[in-house]
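Summary of the model geometry
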There are 2 protein chains.
Amino acid sequence: MAHINENFLSLKQSYLFSEVAKRVSAFSERHPEKKIIRMGIGDVTLPLVDCVIDSMHQAVEDMAKKETFHGYGPEQGYDFLRTAIQEYYQQEMGVSLNLDEIFISDGAKSDVGNITDLFSAENTVLIPDPVYPVYVDTNQMLGTKIVYLQADENNGFCPMPPEQGADLIYLCSPNNPTGAAYTRQQLKEWVDYANRYGAIILFDAAYEAFVSEQGLPRSIFEIEGAKTCAIEFCSLSKTAGFTGTRCGYTVVPKALTAKSEQEKEILLNQLWLRRQTTKFNGVSYIVQRGAAAVFTQQGKRQTRENISYYRENARMIGAALTEKGIPYFGGINSPYIWMKCPNGMDSWEFFDFLLENAAVVGTPGAGFGNNGEGFFRLTAFSDHESTAEAMERMKKIL
Amino acid sequence: MAHINENFLSLKQSYLFSEVAKRVSAFSERHPEKKIIRMGIGDVTLPLVDCVIDSMHQAVEDMAKKETFHGYGPEQGYDFLRTAIQEYYQQEMGVSLNLDEIFISDGAKSDVGNITDLFSAENTVLIPDPVYPVYVDTNQMLGTKIVYLQADENNGFCPMPPEQGADLIYLCSPNNPTGAAYTRQQLKEWVDYANRYGAIILFDAAYEAFVSEQGLPRSIFEIEGAKTCAIEFCSLSKTAGFTGTRCGYTVVPKALTAKSEQEKEILLNQLWLRRQTTKFNGVSYIVQRGAAAVFTQQGKRQTRENISYYRENARMIGAALTEKGIPYFGGINSPYIWMKCPNGMDSWEFFDFLLENAAVVGTPGAGFGNNGEGFFRLTAFSDHESTAEAMERMKKIL
């Protein structure tokens, strides 16, 4: 008699985006004449940049001819892409990586989810609240003990290490959903904490390309000591609009270890390699060719233009909120604006208020954790016209 | 102090293909003048068919324009592809599936590997020997109890149900590495067994497109009763040469349940949906467009031509072995020929003999399990010229 992984039964159903969709659709039926502006889901809207398109057309052609056809590639990704990422870390962040510390994947969500395969269910895991729900859900599937890090206005949504130790620590900076970004000094405290307790930091850098303030770290490996305590996940979804193209990468330093039951040091790089070669077969050749184009001079210039476009939206949203005296976080190093709901409204009250009176859709902060209550997430991924229109509508009713 | 998943320590290092590579490279250094013919790794060599190429070029263009750009897609895959697969099952195999029983993935290896997430480590798992090594490795990572099904010449490498019960059962038909295919009657016995014991059959149909004998099942769902006891994995890798393009699909019937600790029936379709929406973000839009083209009339015709090409290679290999009186399995419903090593040689002895005397590379059967000892796998994925040349060389020395 087959038995299930019992941990699945402790998962909460995720009603956030389905509930948002339900309310929007009901509003739309009642007011078919109103033009709804969607600033809820964190998905890009600009098309892929030219050099990525060219590179993928070329790769499709490669697949059409016997001489240039590509069958199975290395599970860890092609060297042409790993080398490009290695150079990116060196040039942009001053971080030296070995080629075999870089693993290409179909996106950060897969790797963030699958990384739990490597760890014991006996670990105690620190997870910020509020945060990207995948960290909590995947740890509940494994059955680890979760301790929440309280992120709130007092700590600027950048929680710092607790008194007691821990085994695994999830950090996301710049943060989804709050847009808050750790300083170098703050990350150094986390790295020191992790090294002191033998903990592993699982660092989600998916929004690194949005960091605009000088001196803020974009990789945990900019911090001294991180190579003995951190794994970094990154993605081209937000960097280059790859949400539907699917490519990411994960860095597992060769110096990084965790303990076996007999307290032997086990290399996590080897464990992840074994996991990926067993349960994964690499990313499409065509997609990897497109991804490599992102890291060329032309690709970096073109994707930076797109990010500047989204940044201008974030600036507009921030300016509107400032004008109305509404406190918010994020927006400077992130495509997300995390605003306080006005007049003491809770997250869903404000959602309804904004939808009914301005036909603008955002995401209720309460959907990201208990500490998200009373907050609201707006994204900068619309176009200028819709963003400007949404801000005009919001200013009228706030 | 972070602790690892202790089960990783029980994994055997997989030396098979690295050992093959090492010996080939040593031979090549000693005999730089010899032209080595590789019939070892099961990777396709023909380029993607025209209509797949056209469809992917079009999809790349879609990604270049704001109006047709695709961001995040559904984790389960686009309806245009799921509908195509639904029709394929109906038309080719007479199997009716609901759209939400079909999940698109980046390949069968990922899904076969990740499916263990759904199950308790307390399950007892039946795995044929010899077989595709991923089943064993992923179950060792989870820590289930593995019982081997003895596949050998006596049962034509198609082991049948044992006396005692089990919880999970891996079947691969047509089989990798032996090329053996279950009959309808044999699969019916497995389905009845699984339904009797409440076991789940994990059915790997990656080679279904190579079935050429009339009446042989290509899907487990052709068998009455399978929807209450089976999950099916399939892939376009061998069907349409997608080994480097990456697309597969998994069918989890809505009627399929496994038990919770409290013996409640839990829907596995819902569990897999939760797993995929949490740890996966869908397959590249471009790849899904290419995959959908495989299922058009034109796509089916073009991919069938490629399969016929490989089949002719299999026929040549079989004819050469028959001429030399060497027993073999497979080759008729499979791109693999599973030959008995001549003159009582063991798998690696024959590997060396063939390499040294004919400069032909195959895969030692012992690498797929204990019962593979004394056997040798040749693949039909080379071109006609190399296959013919390899057979001429083999015939001279056998």
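Check the entry above for the structure.
Residues numbered from 1 in each chain as written. Chains lettered and ligands numbered in written order. Predicted model: local features only at pLDDT ≥ 70, side-chain atom pairs only at ≥ 80, totals over all residues. Heavy atoms only, no water.

On a plain count of helices and strands, chain A comes out with twelve helices and 15 strands. Taken over C-alpha atoms, the radius of gyration comes to 21 Å for chain A, in line with the 21 Å a tight globule of 398 residues would show. Dimensions of chain A along its principal axes, counting C-alpha atoms only, are 60 × 55 × 55 Å. Put simply, chain A has 398 residues, and 62% of those count as buried. A separation of at least 24 residues holds for 72% of the contacts in chain A among residues at least 6 apart in sequence. Entry remark: accessible area of chain A is about 14,500 Å², with carbon and sulfur atoms responsible for 48%. Distance between charge centroids for chain A: 2 Å, based on 37 positive and 49 negative side chains. (Helix = DSSP H or I, 4+ residues; strand = E, 2+ residues; numbered from the N terminus. Rg over C-alpha atoms; globule rule 2.2 N^0.38 Å. Buried < 20%, exposed > 50% of the residue type's maximum accessible area, 1.4 Å probe, protein only. Contact = heavy atoms within 4.5 Å. Areas by Shrake-Rupley, 256 points an atom, 1.4 Å probe, with all protein chains shown as cover. Lys, Arg positive; Asp, Glu negative; His and termini not counted. Charge placed at Lys NZ, Arg CZ, Asp CG, Glu CD.)

So, about the pairing of strand β4 (residues 145-150) of chain A. Residue and element names in this part refer to chain A. Strand direction decides the pairing type here: strand β3 (residues 124-129) and β4, joined by six bridges, are parallel. When the sheet's bridge partners are listed, D129 is paired in β4 with Q150. After leaving β3, the chain enters helix α5 (residues 134-142) and then returns to the sheet as β4, a path that is right-handed. (Pairing = 2+ DSSP bridges. Right-handed = clockwise from strand over helix to strand, strands pointing away.)

So, on to the packing of helix α8 (residues 268-279) of chain A against helix α5 (residues 134-142) of chain B. Packing of α8(A) against α5(B) brings their axes to within 10 Å, and their N-to-C directions diverge by 135 degrees. As summarised for this structure, α8(A) and α5(B) are arranged oblique, according to the angle between their axes. Where α8(A) crosses over α5(B), the two elements pack in a sense that is left-handed. Side by side, α8(A) and α5(B) meet where A:R274, A:R275, A:T278 and A:K279 of the first sit next to B:V134, B:D137, B:T138 and B:M141 of the second. Of the residues assigned to the contact of α8(A) with α5(B), the class counts are two nonpolar, two polar and four charged. (Axes fitted to C-alpha atoms, helices over the stretch in contact; angles between N-to-C directions. Parallel < 35°, antiparallel > 145°, perpendicular 65-115°, else oblique. Left-handed = near helix turned anticlockwise from the far one by under 90°. Nonpolar A, V, L, I, M, F, W, Y, C, P; charged D, E, K, R; others polar.)

Another aspect to go through is the relation of the copies chain A and chain B. Mapping between the two copies of the chain is achieved by a rotation about an axis and a shift along the axis. Turning chain A through 180 degrees and shifting it by 0.0 Å along the axis lays it on chain B, with an RMSD of 0.0 Å. Such a turn and shift between the copies fits a two-fold axis. Considering only C-alpha atoms, the residue of chain A closest to the rotation axis is A:H57, which sits at 3.0 Å. Looking at chain A, 100% of its interface residues are interface residues in chain B too, so the copies touch through the same face. (Least-squares fit on C-alpha atoms with pLDDT ≥ 70 in both.)

Residues and elements named next belong to chain B. Ordered by their spatial adjacency, seven strands build an open sheet running β2-β8-β7-β6-β5-β3-β4, and the pairing between neighbours is mixed. Edge strands, defined here as strands with exactly one partner in the open sheet, are β2 (102-105) and β4 (145-150). Neighbour to neighbour, the strand axes of the sheet diverge by 20 degrees on average, direction disregarded. As defined by bridge partners, strand β3 (residues 124-129) adjoins strand β5 (residues 168-172) across two bridges and the pair is classed as parallel. By the bridge assignment, V125 is partnered in β5 with L168. Together, β2, β7 (230-235) and β8 (248-251) form the strand contacts of helix α3 (residues 79-93), whose direction differs from that of β2 by roughly 120 degrees.

Moving on: the nonpolar core. Across soluble globular proteins, you tend to see nonpolar side chains buried next to one another. One finds A:I201, A:F242, B:I201 and B:F242 to be the most contacted residues of the largest nonpolar core, which totals 154 residues. With 33 residues, the next largest nonpolar core counts B:V112, B:F119, B:I146 and B:L256 among its residues. (Core = buried A, V, L, I, M, F, W, Y, C linked by side-chain atoms within 4.5 Å.)

The step from A:N176 to A:P177 runs through a cis peptide bond, and the omega angle for that step is 20 degrees. Within the chain, B:E263 stands out as a residue other than glycine whose phi angle is a positive 65 degrees. Backbone geometry at B:N343 places phi at a positive 55 degrees, although glycine is not the residue there. Mapped onto the elements of the fold, B:N343 is located in the loop between β12 (336-340) and α11 (347-358). According to the relative accessible area criterion, B:N343 is exposed, its value standing at 74%.

With that settled, the discussion passes to the pattern of salt bridges. If you walk through the whole model with that rule in mind, you get 44 salt bridges over all chains. Put simply, A:R23 and A:E19 hold a salt bridge, and the shortest N to O gap is 2.8 Å. With A:R23 and A:E19 both in helix α1 (residues 16-30), this residue pair falls four residues apart, about one helical turn. For A:D137, the salt bridge goes to B:R274, with nearest N and O atoms at 3.3 Å. Here A:D137, found in helix α5, pairs with B:R274, found in helix α8 (residues 268-279), and the two come from separate chains. This pair shows no difference in class: A:D137 is buried, exactly as B:R274 is. Here the salt bridges share partners, and the residues they tie into one network are A:E19, A:K22, A:R23 and A:D352. (Salt bridge = Lys/Arg side-chain N within 4 Å of Asp/Glu carboxyl O.)

For the rest of this paragraph, the subject is the interface of chain A and chain B. Facing 83 residues of chain A, the contacting portion of chain B comprises 83 residues. With both sides pooled, the region where chain A packs onto chain B buries about 7,000 Å², and carbon together with sulfur makes up 57% of that total. Per-residue buried area on chain A facing chain B is highest for A:Y72, A:R274 and A:K279; these three make up 11% of the total on that side. Joining chain A to chain B, the criterion identifies four salt bridges. One salt bridge connects A:K109 with B:E75, and the closest N-O pair in it is separated by 2.9 Å. At the junction of chain A and chain B, the tally comes to 49 residue pairs in polar contact (both at pLDDT 80 or more). Every element with two or more residues in the side of chain A that touches chain B is listed here: α2 (50-64), α4 (108-114), α5, α7 (237-240), β9 (257-259), α8 and α9 (285-294) of chain A. In terms of residue class, the side of chain A that touches chain B is built from 34 nonpolar, 28 polar and 21 charged. (Buried area = accessible area lost by both parts, 1.4 Å probe. Polar contact = N/O pair within 3.5 Å; in protein donor to acceptor, adjacent residues only side chain to side chain.)

Let's shift gears to a nonpolar patch on the surface. Where nonpolar side chains cluster on the molecular surface, the patch consists of A:F17, A:I41 and B:Y72 and spans about 270 Å² of accessible area. Within the secondary structure, B:Y72 is located in the loop between α2 (50-64) and α3. (Patch = residues over 30% accessible without salt bridge, like charges linked within 9 Å, V, L, I, M, F, W, Y side chains within 5 Å.)

Here we come to the environment of A:I41. Residue and element names in this part refer to chain A. By the element assignment, I41 lies in the loop between β1 (37-38) and α2. Taking C-alpha positions, I41 is 18 Å from N333, a pair spaced 292 residues apart along the chain. Among residues more than four places away in sequence, those in contact with I41 are F17, T363, R377 and T379.

Take helix α10 (residues 297-323) of chain A next. Across its 27 residues, α10(A) extends 38 Å between first and last C-alpha, which sits within 8% of the 39 Å expected from 1.5 Å per residue. One or two residues past the end of α10(A) sits A:G325, with phi positive at roughly 70 degrees. (Expected span 1.5 Å × (residues − 1).)

Next up on the list: the side chain of B:S237. Of note, B:S237 is situated in helix α7 (residues 236-240). Under the relative-accessibility criterion, B:S237 is labelled buried at 6%. If sequence neighbours within four positions are ignored, B:S237 has contacts with A:Y72, B:V44, B:F242, B:T243, B:R246 and B:C247.

Here the structure, examined in full by the defined rule, presents 50 aromatic pairs over all chains. When the centroid spacing of 5.2 Å and the interplanar angle of 10 degrees are considered together, the rings of B:Y78 and B:F80 count as stacked. Given a relative accessible area of 12%, B:Y78 falls into the buried group. With a relative accessible area of 25%, B:F80 lands in the partly exposed category. Both rings, one in B:Y309 and one in B:Y310, keep their centres 6.1 Å apart while their planes meet at 80 degrees; by these two values the pair is edge-to-face. Owing to a relative accessible area of 4%, B:Y310 belongs among the buried residues under this scheme. The residue whose ring lies beneath A:R289 is A:F80, and the NZ or CZ to ring-centre distance is 3.7 Å. The aromatic ring of B:Y336 is capped on one face by B:R377, whose charged end is 4.2 Å from the ring centroid. (Phe/Tyr/Trp six-rings, centres within 6.5 Å; stacked < 30°, edge-to-face > 60°. Lys NZ or Arg CZ within 6 Å of the ring centre and 35° of its normal.)

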